[in-house]
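An overview of the molecular structure
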Amino acid sequence: SFYVEVLDSKYKILILYDAIHPDISAIKSVLDKNKNYEIEKEKLSDFNSNYDKYNLVIYFALSENKLEKLERLKSSDVSLLLLVGANSVSTLNYLYPAGKVVGKNKSQEVSAIYNTNFSKFNVSTNLQNYLTDLPPLLAPFGIYHQSLTAEILLYQKIGMYSTEKPLIILDNNSERKFSVV
């Protein structure tokens, strides 16, 4: 005879937001398709739980006036995916000072250019082409800084001009994992 031990090892993801946006439900619906993910969606003003019970926090629609509510998130060790817009630069700078953006709350339309030197994981040629064919995003206008441990997955392309400004970065520093879009 033999025994099988079944472990519930779901990856717990919290989608945290300040304002309602259709992209939040779109992200949740895609993540819900993976049976190994347990997804929770919560408005920042209503969230009073502990961040450490999650494997990942996706913070969407960052607000400039909620920094005091983010102190626990900043001091936790949970991995963060930050979806940033022109109105959320100071929140980005607060949560992830190594990836600071110096800007004036302006945005510009940008497309994606794949970084051929990206080495954190393999990206198929089909996915590279797909990412560069997507419609443009609105990205904060400004000067971008990044930590020495960060790696850029996609650069910003403004019109016909390729830039060295990051569109998506991944950072696995000694304290925690960050990803910023």
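Throughout this document, residue positions are counted from 1 along each chain, in the order its sequence is written. Since the coordinates come from a predicted model, pLDDT governs what is reported: local features require at least 70, and pairs of side-chain atoms require 80 or more to be given and counted, while whole-chain, interface and lining totals use all residues. Side-chain measures here rest on the full set of heavy atoms in the structure, leaving out hydrogens and waters.

**What about the environment of Gln146?**
Summarising the element assignment, Gln146 is placed in the loop between strand E6 (137–144) and strand E7 (150–158). Each C-alpha atom of the pair Gln146 and Pro135 lies 25 Å from the other, and the pair is 11 residues apart in sequence. Helix and strand assignments follow DSSP, with helices taken as H or I runs no shorter than four residues and strands as E runs no shorter than two, numbered in order from the N terminus.

**Here we look at the nonpolar core**
Membership of the largest hydrophobic core comes to 39 residues, with the highest contact counts inside it found for Leu16, Tyr51, Val57, Leu73 and Leu82. In terms of residue count, the dominant contributor to this core is E7 (5 residues). Residue contacts are counted whenever heavy atoms from the two residues lie within 4.5 Å of one another. Beyond its immediate stretch of four places on either side in the chain, Leu73 contacts Leu16, Tyr51, Val57, Val78, Leu80, Leu95 and Arg176. Among the nonpolar cores identified, the runner-up in size contains 11 residues, and Ile13, Ile15, Tyr17 and Phe60 belong to it. Buried Ala, Val, Leu, Ile, Met, Phe, Trp, Tyr and Cys residues form a nonpolar core when they are joined through side-chain atoms within 4.5 Å. With a 1.4 Å probe rolled over the protein chains alone, any residue whose accessible area is under 20% of its type maximum counts as buried; one over 50% counts as exposed, and the rest are partly exposed.

**Digging into the environment of Leu82**
Mapped onto the secondary structure, Leu82 falls in strand E4 (residues 79–83). When the C-alpha positions of Leu82 and Tyr37 are compared, they lie 19 Å apart, and in sequence the two are 45 residues distant.

**Regarding the layout of surface pockets**
With a 1 Å grid laid over protein atoms only, a set of points is called a cavity when a 1.4 Å probe fits there but cannot get out and a pocket when it is open yet has protein on both sides within 12 Å along at least five of seven lines; lining residues have an atom within 4 Å of a point. Grid points are joined across faces, edges and corners, and a volume is the space filled by probe spheres set on the points. Of the volumes computed, that of the second largest pocket is approximately 160 Å³. Taken together, 14 residues make up the lining of the second largest pocket; nearest its centre are Leu95, Asn173, Glu175, Arg176 and Phe178. For this classification, Asp, Glu, Lys and Arg are treated as charged, while Ala, Val, Leu, Ile, Met, Phe, Trp, Tyr, Cys and Pro are nonpolar and the rest, including Gly, are polar. Classifying every residue of the lining of the second largest pocket gives 5 nonpolar, 4 polar and 5 charged.

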